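Coordinate analysis (summary)
Each chain, letter by letter, is given below.
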Amino acid sequence: MKIGLFCLTEHFEGDVHESIMEQLRLVELADQLGFDEAWFGEHHFNGFSVIPDPCAMIAFAAARTGCIRLGAAGFLAPFYHPIRLAESIAVLDHLSSGRLNAGFAKGGFAPDTKHFQRDPDNLRNAMFETSEAVDTLLHTKTSSYEGTFVSFENATLHPKPFQKNIPFYIATFTNPDTIRFAARQGYGLLMSQGASLEECIEARNLYRSIAGKEPEIVLMRVFCVSENREEAYRIARPAVDHFVKSMRAASSQIPAPKWDREHYDAILKEREAFFDGQKFFDNAIIGTWQECLTTIKTIQKELPDIHLVLKPSSSDSSENRTMLTLFNSLIRPHLT
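Comments concerning the nonpolar core
Ranked by size, the top nonpolar core spans 101 residues in total, and within it Phe40, Leu70, Ile89, Phe104, Leu138, Phe223 and Phe327 carry the most contacts. Sequence-distant contacts of Phe327, that is, excluding residues within four places in its chain, are made with Ile3, Phe35, Phe223, Ile296, Leu310, Arg332, Pro333 and Leu335.

Printed below as a string of structure tokens:
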């Protein structure tokens, strides 16, 4: 099991500069504590999760850390030109001396598709093509790609990455089309804070049936540890509720999906999973350190090689730092 930190650069109040720097200080602390990974989300036109440029955040973190791997969770692939994104990833891999993980997501908030001028009904396939094209650019000498949304001919990337093969991951709310794509490509899966253990197992089984091997699953989880369960919920609930309300506001004016009986239920399920704060709590790692350990052990029993990525869930940055330290001193020694 690998342990990571999920970074959304949440701005509750005060100076936005301080919110950004506090997130980066939390990554430095995770590095000092020996965490394996830190993952940065990407959100645009959003006053709460102020992280529109994960490349800049990763570059800063690379300069201030020494061991922790740094990943995007994920680059909103349909809004990038694949050559430009591949160049950024290659440079970040050098800046981090080979500590980069590359995650890709489809996005879908209404302001994003409006301002980046993308058709919301094509985002998933555009993500597939962009991530595939970036992979080709990074890992072959000279590349050409011809798709519906992405095309280029005889492109040679300079520099090539520091790593021989940068690990790729695809974000999904257990959508079967996305899981099938990841399995065919051999990419890992980035699973939402709201995805249940049962949904993760289903995703694992589908992936395994296609790829013939276990997927690397990166599982995000709300995390709050305190002296008792009631106190942990008191700390976490305002932060999680505010996150959900802020994401709903940021995604306002989402048009109704085009009717397609085969995919309609999957589309609705994805939206409900993202915006259902109760699912975050139902699947959270929350309570006393013993209760948190029990929850993690349950996950580990079913998914032994998982990347468990914690989202410390307090509106107070000092409490988030304390929670990471408590995890490291009280919980992590009991994990293998």
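Topic: unusual backbone geometry
Excluding glycine, residues mostly have negative phi values, and the peptide bonds linking residues are mostly trans. Residue Gly74 follows Ala73 across a cis peptide bond; omega there is -10 degrees. As for its placement among the helices and strands, Gly74 is situated in the loop between strand 3 (69-72) and strand 4 (75-76). With an omega of -5 degrees, the peptide bond between His158 and Pro159 qualifies as cis. With respect to the helices and strands, Pro159 occurs in the loop between strand 7 (151-155) and strand 8 (168-172). The residue Phe45 is not glycine, and still its phi comes out positive at about 55 degrees. Assignment of secondary structure puts Phe45 in the loop between strand 2 (37-40) and helix 2 (54-64). Looking at Phe45, the relative accessible area reads 45%, which means it is partly exposed.

Quick look at the pattern of salt bridges
Side chains carrying opposite charge are able to pair once their charged atoms draw close together. According to the stated counting rule, one finds 12 salt bridges in the structure shown. One salt bridge in this structure joins Glu22 and Arg25, with 3.1 Å as the shortest N-O distance. Of the two residues, Glu22 and Arg25 are both situated in helix 1 (residues 16-33); the distance of three residues between them amounts to about one turn of the helix. On the basis of relative accessible area, Glu22 is assigned to the buried category, the value being 12%. Here Arg234 and Glu231 are joined by a salt bridge, their closest N and O atoms 2.7 Å apart. One end of the pair, Arg234, and the other, Glu231, are both in helix 8 (residues 229-250), three residues apart, so they sit about a helical turn from each other. On the basis of relative accessibility, which here comes to 23%, the residue Glu231 falls in the partly exposed class. When salt bridges with common partners are traced through the structure, they connect Glu18, Glu22, Arg25 and Arg321 into a single cluster.

Observations concerning the environment of Glu22
When the C-alpha atoms of Glu22 and Asp177 are compared, they prove to be 37 Å apart, with 155 residues separating the residues in sequence. Ignoring anything within four residues of it in the chain, the contact list for Glu22 reads Ser317 and Arg321.

Overview of helix 8
Between its first and last C-alpha, helix 8 extends 31 Å over 22 residues, near the 32 Å set by a 1.5 Å rise per residue. Most pronounced at Ala236, the bend in helix 8 amounts to some 35 degrees, and the proline Pro238 follows within four residues. Its side-chain oxygen 3.2 Å from the backbone nitrogen of Glu230, Asn228 forms the N-cap of helix 8.

Here's the deal with helix 11 (residues 289-302)
Here helix 11 spans 20 Å end to end across 14 residues, near enough to the 20 Å set by a 1.5 Å rise per residue. Residues Cys292, Leu293, Ile296, Ile299 and Gln300 constitute the buried set of helix 11. Buried positions in helix 11, seen along its axis, are confined to an arc of 125 degrees and lie on one side of it. Across helix 11 from its buried face, at more than 90 degrees, point the exposed residues Thr294 and Lys301. Structurally, helix 11 contributes buried residues whose contacts are with helix 7 (197-211), strand 10 (217-225), strand 11 (285-287), strand 12 (307-312) and helix 12 (317-331).

Here's the deal with the packing of helix 11 against helix 12
The geometry of helix 11 relative to helix 12 is characterised by a closest axis approach of 10 Å and an angle of 75 degrees between their N-to-C directions. Between helix 11 and helix 12, the angle is such that the two are roughly perpendicular. Packed against helix 11, whose contacting residues are Trp289, Cys292, Leu293 and Ile296, the element helix 12 presents Phe327, Leu330 and Ile331 at the interface. Its residues placed into classes, the contact of helix 11 with helix 12 shows seven nonpolar, no polar and no charged.

Observations regarding the packing of aromatic side chains
Centre distance and the angle of the planes are the two values used to describe a pair of aromatic rings. Inspection of the entire model under this criterion finds 16 aromatic pairs. Ring geometry for Phe12 against Phe48: centres 5.1 Å apart, planes inclined by 80 degrees, an arrangement best described as edge-to-face. Pair noted here: Phe12 is in the loop between strand 1 (2-7) and helix 1 and Phe48 is in the loop between strand 2 and helix 2, with a separation of 36 residues, a long-range link. Using a relative accessible area of 4% as the deciding quantity, one classes Phe48 as buried. With 4.9 Å between their ring centres and 20 degrees between their planes, Phe79 and Phe116 make a pair best called stacked. Pair noted here: Phe79 is in the loop between strand 4 and helix 3 (82-95) and Phe116 is in the loop between helix 4 (110-115) and helix 5 (123-139), with a separation of 37 residues, a long-range link. For Phe79, a relative accessible area of 11% corresponds to the buried category.

Thresholds applied
Residues numbered from 1 in each chain as written. Predicted model: local features only at pLDDT ≥ 70, side-chain atom pairs only at ≥ 80, totals over all residues. Heavy atoms only, no water. Core = buried A, V, L, I, M, F, W, Y, C linked by side-chain atoms within 4.5 Å. Buried < 20%, exposed > 50% of the residue type's maximum accessible area, 1.4 Å probe, protein only. Contact = heavy atoms within 4.5 Å. Helix = DSSP H or I, 4+ residues; strand = E, 2+ residues; numbered from the N terminus. Salt bridge = Lys/Arg side-chain N within 4 Å of Asp/Glu carboxyl O. Expected span 1.5 Å × (residues − 1). Bend = angle between axes of the 7 residues up to and from the residue. Polar contact = N/O pair within 3.5 Å; in protein donor to acceptor, adjacent residues only side chain to side chain. Arc of directions from axis to C-beta. Axes fitted to C-alpha atoms, helices over the stretch in contact; angles between N-to-C directions. Parallel < 35°, antiparallel > 145°, perpendicular 65-115°, else oblique. Nonpolar A, V, L, I, M, F, W, Y, C, P; charged D, E, K, R; others polar. Phe/Tyr/Trp six-rings, centres within 6.5 Å; stacked < 30°, edge-to-face > 60°.

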